[in-house]
Amino acid sequence: MKCPSCGAISGGAIRHRVIDTSPDAQGGVRRRRECGVCGCRFSTYERAIRSTPMLVKSGGAREEFDRDKLIAGVKLACAKRPVATADIERLADRVEAYLQRLGQSEVNSRVVGQRVIEELRELDAIAYVRFAIVFLKMNDLQAVRDEINRLLEDSK
Ligand SMILES: [Zn+2]
């Protein structure tokens with residue numbers, strides 16, 4: 001914490017003493033401090049910020065990352081496949097961790113679908129193709145067939 005007046009940074013021998021703590025209107029915390037060097041008083045604000053970016057949909061609307069929705073979509077793709085629910089949950093965790101690592105406040109919602117597709121490819125080829133048909137809007141059989149051929153090539 002840097003004093004806005006003299007620039008002294010708290011740490012080691014320098015302490016900016018907290019003289020008052022109160023909630024602020026945005027659900028955060030406001031602390032009144034006194035600089036340990038020059039004695040001036042200043043306030044700091046502590047607020048929780050979202051670490052998972054907002055998803056921007058194609059129409060421009062924003063929505064929060066919804067882990068349950070993602071799991072429901074992947075479960076659908078994995079119906080009757082030998083994929084454990086725990087594996088699907090771990091997949092969702094990895095997708096969310098990936099989004100957080102991007103370190104952005106907003107990302108295109110397609111990033112989520114693409115990441116899921118990559119994960120599913122490792123997990124189960126059939127679920128992968130099902131999911132890809134829906135999310136890549138593979139609406140012609142040729143595209144589906146090309147993808148399946150690519151998978152079959154890879155598994156050789
Ligand atoms: Zn100071």
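Our subject is the structure listed above.
The model shown is predicted, which means the values in this text are computed figures rather than measured ones. The residue numbering used here restarts from 1 in each chain and proceeds along that chain's sequence as written. In view of the model being predicted, local features appear only for residues whose pLDDT reaches at least 70, and side-chain atom pairs are presented and counted only at 80 or more, with totals across whole chains, interfaces and linings using the full set of residues.

Exposed residues have 12 or fewer other C-beta atoms within 10 Å of their own C-beta, buried residues have 20 or more, and residues in between are partly exposed; the C-beta atoms are placed from the backbone. Numbering of helices and strands runs from the N terminus, with a helix taken as a DSSP run of H or I at least four residues long and a strand as a DSSP run of E at least two residues long. Across the six residues of strand 3 (residues 41-46), zero count as buried, placing the element largely on the outside. Strand pairing is defined by DSSP finding a minimum of two bridges between the two strands. Two elements, strand 2 (residues 29-34) and strand 3, share six bridges in a ladder whose sense is antiparallel. Opposite E34, over in strand 3, you have R41 as the bridge partner. Linking strand 2 back to strand 3 in an antiparallel pair, the connection comprises six residues, with G39 at a positive phi of about 80°.

So, about the sheet that holds strand 1 (residues 17-23). The three strands lie next to each other as 1-2-3, forming an open sheet whose pairing is antiparallel. Strands at the two margins of the open sheet, each flanked by one partner only, are strand 1 and strand 3. Averaged over all adjacent pairs, the angle separating strand axes in this sheet is 25°, with direction ignored. Axes here refer to lines fitted to C-alpha atoms; in helices the fit is confined to the stretch in contact. Angles between the N-to-C directions go from 0 to 180 degrees.

This paragraph deals with the sheet that holds strand 6 (residues 106-108). Spatially, 5-4-6 is the arrangement adopted by the three strands of the open sheet, whose pairing is mixed. Both outer strands of the open sheet, strand 5 (62-63) and strand 6, are each paired with one neighbouring strand and no more. Across three bridges, strand 4 (residues 54-56) lies against strand 6 in parallel orientation. Within strand 6, the position partnered with V56 by the bridge is N108.

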